[in-house]
Amino acid sequence: MTKVALRPYALLPRQYDERKVLASTIDPWGRALWLICPDVRFSYRWGGRDVPVPARLPFSALVVISDRGEVRERTLHGVAVDPKAFDALPGGGFVLSGNGAPNALSGQIFGPEGRSRRRFPLGTHLTHLVADHRDGFWTGYSDEGIYSGDNVSASGLAHWDNRGNHAGSLRPPEPYGHVAGIHTVNVSGSTVHATYWPGAPLVEMGPSGILRIRTLPVSDPFGLATRGDRLLLLGGSERGADSATGVHALHQIQLTEDGAAVVGCDELVFPNGDPVRHYARPVCRGPHIFLRTHRTLRQWWVLTAP
């Protein structure tokens, strides 16, 4: 099995306190973003690190933006949610997602000036929040959210415009109609590719709705990269295999008109050759899978589909 190495992508500058980072992502323009709260408390430990939460709400958050080595700052005033995920929006704004009970006001939109423009229900048990560079953003949910009674989470995958207005949901036809959890979300341009459970369907959607659904030979992947009619899947289980596939496995997939086939399998490693055994949920954009470990929000790595 060939070994494929991650490449370092972005690093939070040392002048910023990593322990106060609430969330981090890679935005539609390839910039690394970190959301920092100046006053935090540490209520629990998970994945080898103390998890910070805002000491009080609302608060002013600092967004650190690293754009190919150039570092800038933005301030978001009046953050009223405990942010677990965020992304940059077209036009200079931001969207934040926090925790909350079903149908709670867990989402918040900020304008380019850093002022809050709207709070709105963004679903519960959100696992993916990925913006595109033109039409808005997409959200994906776990099974806990889908079966929670929350109106937004119920579809599993939702599309939103830049102002936080609900613009569409995943409603696949039979035999793909049962959506019990979204595993991967890859946004490229205005198109999203997503895999979900049960089974191994790959759905391709645009702002106007579903474009195509195929069944993949690998189920439950953790990451997805797309390049033309080729896919790169991180982790997952190959159907028909005798044992489950490790989280470090890379499956190269060739798409056909009505299906897909595995054409190669590699092993993901760090640049020093150590296997990649654990990682946080990736951010997937076009041919790129962006990864970080559970222990730190400081470092981002990238894997690019060949």
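Worth saying up front: this structure is predicted, and the values here are computed from it rather than measured.

Definitions and cut-offs
- Residues numbered from 1 in each chain as written.
- Predicted model: local features only at pLDDT ≥ 70, side-chain atom pairs only at ≥ 80, totals over all residues.
- Heavy atoms only, no water.
- Pairing = 2+ DSSP bridges.
- Helix = DSSP H or I, 4+ residues; strand = E, 2+ residues; numbered from the N terminus.
- Buried < 20%, exposed > 50% of the residue type's maximum accessible area, 1.4 Å probe, protein only.

(A) Quick peek at the pairing of strand 8 (residues 70-79). In this structure, strand 7 (residues 59-67) lies alongside strand 8, joined through eight bridges in antiparallel fashion. When the sheet's bridge partners are listed, Ile-65 is paired in strand 8 with Arg-72. Hairpin remark: strand 7 followed by strand 8, antiparallel, with two residues in the connecting loop; positive phi at Arg-68, about 55°.

(B) Seen up close, unusual backbone geometry. The step from Glu-174 to Pro-175 runs through a cis peptide bond, and the omega angle for that step is 5°. For Pro-175, the location among the structural elements is in the loop between strand 16 (166-169) and strand 17 (181-188). Put simply, Trp-197 and Pro-198 share a cis peptide bond, and its omega is 10°. Within the secondary structure layout, Pro-198 lies in the loop between strand 18 (191-197) and strand 19 (201-206). Positive phi is not limited to glycine here, since Arg-68 has a value of about 55°. Among the secondary structure elements, Arg-68 is positioned in the loop between strand 7 and strand 8. For Arg-68, a relative accessible area of 70% translates into the label exposed. If you check the backbone angles, Asp-220 has positive phi at about 55° while not being a glycine.

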